[in-house]
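Listed below are the residues making up each chain.
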Amino acid sequence: MTDHVRIGVLGAATITPSAVIRPARSSTVAEVVAVAARSAGRAQAFADRHGIARVHGSYEALLADPAVDAVYNPLPNGLHGKWTLAALEAGKHVLCEKPFTANADEAASVAAAANASGLVVMEAFHYRYHPLAIRVAEIVRSGVLGPLRHVEASVCFPLPVFSNIRYDFSLAGGAMMDAGCYAVHMARLLGDEEPEVRSAKALLRGPSIDRAMRASLRFPSGHTGSVHASMWSATVLRLSMKAIGENGTLSVLNPLGPHAPHRLSLRLKDKKSTETFGKRPTYAYQLDAFTAAVLHGKPFPTTADDAVKNMTVIDSIYRAAGLPLRRPTP
């Protein structure tokens, strides 16, 4: 590997075409070269559908493939840690779907292995690499809003198919894991500090599975925060974030969606402005950042250490809501 990154995919997840296959087709430095699934037939069908040359009937076989430099891990939440560790042991860089692991303790173990390996391990918060998120961080840290008073982030979407793995506790499912990990990450971006969880309340699908969650936060500087995550509640679809300061308010529409429209509104005491952004998908920017890190050592924000911080907040929300922490899938 000198001038491009050869990527192998673990599993045949529906997110994979959007997250890596299509972005790689327009990249000069990335190529999806292999796929593995629970069976060779499943992997072959996926490979045929998406034009992938190499097929493996097990994840272990893909990790042993010398033609693979890096692994994309979109497996169920409870398997993220296990197979990221296995990829590192095989000497592969990893782009791991969010949430990084089942809980913060597991995230810390994976982060320790990642830091010791010298390999790139990126949590796939694709929105964070889009110019919109970069601009949000710039505005918050510029101080133009004045001292912050409150930040909020909402990631709510309809998923009424309750047989979906996102509702499966044994696979580390739940709304806070699947949607809330984004909301927490965005609140941390807006708040520019690590928050304390003050309270949380869940709407349940089952004894341990949250279909929606609200949580209240407090940041060390004194400003408050709130996150709202839902896969099925009265709030059917909402993707937004907001920062309120003494001097004005920053509002963002569609900070998470991979495609336009993305809109940022800044209302200060003496003026109001709106910014829009191009149609290039967030996933394309993420792949650019991943390959730049692998090939050139370029730093990136969604590191394994950052993932530990995010999972720590998620665990605290589950505790505050009286729900058990998610566990790795055996």
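Everything here concerns the structure above.
Digging into the environment of Phe 300
Mapped onto the elements of the fold, Phe 300 is located in the loop between helix 9 (282-296) and helix 10 (304-320). Judged by relative accessible area, which is 17%, Phe 300 ranks as buried.

Looking at the side chain of His 185
Mapping His 185 onto the fold places it in helix 8 (residues 180-191). Judged by relative accessible area, which is 5%, His 185 ranks as buried. Discounting chain neighbours no more than four positions away, the residues touching His 185 are Phe 125, Tyr 127, Arg 128, Thr 302, Asp 306 and Asn 310.

Focus: helix 5 (residues 104-117)
With 14 residues, helix 5 ought to run about 20 Å at 1.5 Å a step, and its terminal C-alpha atoms sit 20 Å apart, in line with that. Within helix 5 the residues assigned to the buried category are Ala 104, Glu 106, Ala 107, Val 110, Ala 111 and Ala 114. Taken down its axis, helix 5 places every buried residue within 145° of arc, on the same side. When the buried face of helix 5 is taken as reference, the exposed residues oriented beyond 90 degrees from it are Asp 105 and Ala 116. In this structure, the buried residues of helix 5 make contact with helix 4 (77-89), strand 6 (121-123) and helix 10. Its side-chain oxygen at 3.2 Å from the backbone nitrogen of Asp 105, Asn 103 defines the N-terminal cap of helix 5.

Description of the sheet that holds strand 7 (residues 148-156)
In any sheet, the strands associate via hydrogen bonds between backbone groups, in a parallel or an antiparallel arrangement. Strand order in this open sheet of eight strands is 8-9-10-7-11-12-13-14, and the pairing throughout is mixed. Two strands bound the open sheet, and with one partner strand each, they are strand 8 (196-204) and strand 14 (272-276). Here the strands of the sheet are splayed against their neighbours by 10° on average, with no regard to which way each runs. In this structure, strand 13 (residues 263-268) lies alongside strand 14, joined through five bridges in antiparallel fashion. Across the sheet, residue Arg 263 finds its bridge partner in strand 14, namely Thr 276. Packed on one face of the sheet, helix 10 meets strand 8, strand 9 (210-218) and strand 10 (224-230) and runs near 60° to strand 8.

Observations regarding the pattern of salt bridges
Evaluation of the coordinates by the stated rule reveals 12 salt bridges. In this structure, Arg 54 engages Asp 65 in a salt bridge whose closest nitrogen and oxygen atoms are separated by 2.8 Å. Here Arg 54 is found in strand 3 (residues 54-56), whereas its partner Asp 65 is found in the loop between helix 3 (59-63) and strand 4 (70-73), with 11 residues between them in sequence. Judged by relative accessible area, which is 37%, Arg 54 ranks as partly exposed. Here Arg 326 makes a salt bridge to Asp 210, at a shortest N to O gap of 3.8 Å. Of this pair, Arg 326 sits in the segment after helix 10 while Asp 210 is found in strand 9, placing the two residues 116 residues apart along the sequence. Per residue, the accessibility class of Arg 326 equals that of Asp 210, and both read buried. Connected via shared salt-bridge partners are Lys 98, Arg 166 and Asp 178.

Some thoughts on the nonpolar core
Membership of the largest hydrophobic core comes to 77 residues, with the highest contact counts inside it found for Val 136, Leu 250 and Ile 317. Leave out the neighbours within four places in its chain, and Val 136 touches Leu 189, Leu 190, Met 241, Leu 250, Val 252 and Leu 264. Formed by 31 residues, the second largest nonpolar core is a distinct cluster that contains Ile 21, Ala 24, Ala 30 and Ala 37.

Section: the packing of aromatic side chains
Across all of its chains, the model carries five aromatic pairs by this definition. With a centroid separation of 5.2 Å and 75° between ring planes, the pair formed by Phe 125 and Tyr 182 is classed as edge-to-face. With Phe 125 in the loop between strand 6 and helix 6 (131-142) and Tyr 182 in helix 8, the pair connects residues that are 57 residues apart, well separated along the chain. You can call Tyr 182 buried: its relative accessible area is 6%. Seen from their ring centres, Phe 162 and Tyr 167 are 5.0 Å apart, and the 70° between their planes marks the pair as edge-to-face. Residue classification places Tyr 167 among the buried residues on the basis of a relative accessible area of 7%. Three or more aromatic residues link up through ring pairs in this structure, and these residues are Phe 125, Tyr 127 and Tyr 182. Above the plane of the ring of Phe 162 lies Arg 205, whose end atom (NZ or CZ) is 3.8 Å from the centre. Between Arg 326 and the ring centre of Tyr 318, over which it is positioned, the NZ or CZ distance is 4.1 Å.

How each quantity is defined
Residues numbered from 1 in each chain as written. Predicted model: local features only at pLDDT ≥ 70, side-chain atom pairs only at ≥ 80, totals over all residues. Heavy atoms only, no water. Helix = DSSP H or I, 4+ residues; strand = E, 2+ residues; numbered from the N terminus. Buried < 20%, exposed > 50% of the residue type's maximum accessible area, 1.4 Å probe, protein only. Contact = heavy atoms within 4.5 Å. Expected span 1.5 Å × (residues − 1). Arc of directions from axis to C-beta. Polar contact = N/O pair within 3.5 Å; in protein donor to acceptor, adjacent residues only side chain to side chain. Pairing = 2+ DSSP bridges. Axes fitted to C-alpha atoms, helices over the stretch in contact; angles between N-to-C directions. Salt bridge = Lys/Arg side-chain N within 4 Å of Asp/Glu carboxyl O. Core = buried A, V, L, I, M, F, W, Y, C linked by side-chain atoms within 4.5 Å. Phe/Tyr/Trp six-rings, centres within 6.5 Å; stacked < 30°, edge-to-face > 60°. Lys NZ or Arg CZ within 6 Å of the ring centre and 35° of its normal.

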